[in-house]
Amino acid sequence: MTTSKAFTTSIIGLISILNSSSFVPLTKNAFHTPSSIYSKNDDIPQQQAFADGTILEFSEKSRVHVGRIISTEHKSNGGARYEIMDHDGKKFSIADKAVSYSVSAPNNEPAAVRLFDAFYSAHEESESELRTDLDISPEMLELAWEEAASDLTFEDHVLTPNALIDLVHSKAASAVDAYKAWRLLKVS
């Protein structure tokens, strides 16, 4: 098969996948549902909080970091503050609004450490390294964006990281691949 025929066949397959898949719009913290917090005083509505061990990307003093929650402090106004430890062992205290991405860590500590290490490595990658790791060319990304913008199956015409991986590779995204796709979508 020639290169142009293979490309055409890939595009036709991509379009058929788009027409048969269902996608979920990206919402804040769409990749992790925090556990509920109940107030001692029912007059103060409590916000949901992330569980200890959750892996996060967060902003602190206009820098972006990846870390794990080591403890949670519930405030009297219903909010939460998290003590986070980054990959280098540095501790941060952040409000829940500083979290930009989250994923639950596995219950098995060695697996959680491996996942955290993989997230840290993904966080350090450049845009070109993300594209290479995900095997997504600029042309494929552009096609995915166009499809999301024009297809009615995309709610609010939003392309999510999981939808991008499914669209391009016809497989479910791992937690690390979803994070890489999220970063790629964020910078593109």
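Here the residue numbering is sequential within each chain, running from 1 through the sequence in written order. Totals for whole chains, interfaces and linings use every residue, but because this is a predicted model, local features are given only for residues with pLDDT of at least 70 and side-chain atom pairs only at 80 or more, for both listing and counting. Side-chain measures were taken over the full set of non-hydrogen atoms in the model, leaving aside hydrogen atoms and water.

Once that is clear, we can look at the confidence of the model for the chain. For the chain, the mean per-residue pLDDT works out to 78, and 71% of the residues sit at or above 70. Along the chain, pLDDT gives the predictor's confidence residue by residue, from 0 to 100. Only DSSP runs of H or I reaching four residues or more are called helices, and only runs of E reaching two or more are called strands; each is numbered from the N terminus. By mean pLDDT, helix H1 (residues 3-20) is the weakest element of the chain at 41, and helix H2 (residues 109-124) is the strongest at 96. Taken together, the stretch residues 1-39 has pLDDT below 50 and engages in 66 contacts with residues farther than four places along the chain or on a different chain. The criterion used for residue contact is that any of the two residues' heavy atoms lie within 4.5 Å.

This part takes up the side chain of lysine 180. Relative to the helices and strands, lysine 180 resides in helix H6 (residues 175-187). Three exposure classes are used, based on accessible area relative to the maximum for each residue type with a 1.4 Å probe and protein chains only: buried under 20%, partly exposed in between, and exposed over 50%. Its relative accessible area of 11% is what places lysine 180 among the buried residues. Excluding its chain neighbours within four sequence positions, the residues that come into contact with lysine 180 are Ala122, Glu125, Leu130, Asp133 and Leu134.

Our focus in this paragraph is the pattern of salt bridges. Every case where a carboxyl oxygen of Asp or Glu lies within 4 Å of a side-chain nitrogen of Lys or Arg is listed as a salt bridge. Considering all chains together, one arrives at seven salt bridges under this definition. Glutamate 60 serves as the salt-bridge partner of arginine 63, at 3.7 Å between the closest nitrogen and oxygen. Here arginine 63 falls in the partly exposed class, since its relative accessible area comes to 43%. Among the salt bridges present, the one from aspartate 133 reaches lysine 180, with a minimum N-O distance of 3.0 Å. Here aspartate 133, found in helix H3 (residues 127-134), pairs with lysine 180, found in helix H6; they are 47 residues apart in sequence, far enough to count as distant. In this structure aspartate 133 comes out as partly exposed when scored by relative accessible area, which is 41%.

For the rest of this paragraph, the subject is the pairing of strand E3 (residues 80-86). Only one face of E3 is covered, namely the face carrying Ala80, Tyr82, Ile84 and Asp86; the face carrying Arg81, Glu83 and Met85 is uncovered. By this definition, two strands are paired if DSSP reports at least two bridges between them. For strand E2 (residues 63-74) and E3, the ladder comprises seven bridges, and the chain directions are antiparallel. Bridged to threonine 72 within E3 is tyrosine 82. Counted between consecutive antiparallel strands, the loop separating E2 from E3 contains five residues, among which glycine 78 sits at a positive phi close to 100 degrees. Hairpin connection between E3 and strand E4 (residues 91-95): a loop of four residues separates the two successive antiparallel strands, and glycine 89 in this loop has a positive phi of roughly 90 degrees.

Now for the sheet that holds E2. Spatially, E4-E3-E2-E1-E5 is the arrangement adopted by the five strands of the open sheet, whose pairing is antiparallel. Edge strands, defined here as strands with exactly one partner in the open sheet, are E4 and strand E5 (99-103). Direction aside, neighbouring strands of the sheet carry axes that sit 40 degrees apart on average. The pairing of strand E1 (residues 55-60) with E2 spans six bridges and is antiparallel. Bridged to isoleucine 55 within E2 is arginine 68. To get an axis, fit a line to the C-alpha atoms, keeping to the stretch in contact for a helix; angles then go from 0 to 180 degrees between the N-to-C directions. Together, E1, E2, E3 and E5 form the strand contacts of H2, whose direction differs from that of E2 by roughly 145 degrees. Each of E1, E2 and E5 touches H6; the most contacted strand, E5, lies at about 160 degrees to it.

Once that is clear, we can look at the nonpolar core. In plain words, nonpolar cores are sets of buried Ala, Val, Leu, Ile, Met, Phe, Trp, Tyr and Cys residues tied together by side-chain atoms within 4.5 Å. Core analysis: the largest hydrophobic core is formed by 16 residues, its most contacted members being Leu134, Ile136, Leu141, Leu159, Leu164 and Leu184. For this core, the secondary-structure elements that each account for two or more residues are H3, helix H4 (138-150), helix H5 (161-169) and H6. If one sorts the elements of this core by residue count, H5 sits on top with five residues. With residues near it in sequence (within four places) discarded, leucine 164 still touches Ile136, Leu141, Ala144, Leu159, Ala181 and Leu185.

Attention now moves to the environment of histidine 74. Turning to its location among the elements, histidine 74 is positioned in strand E2. Separated by 25 residues in the primary sequence, histidine 74 and alanine 49 place their C-alpha atoms 8.4 Å from one another.

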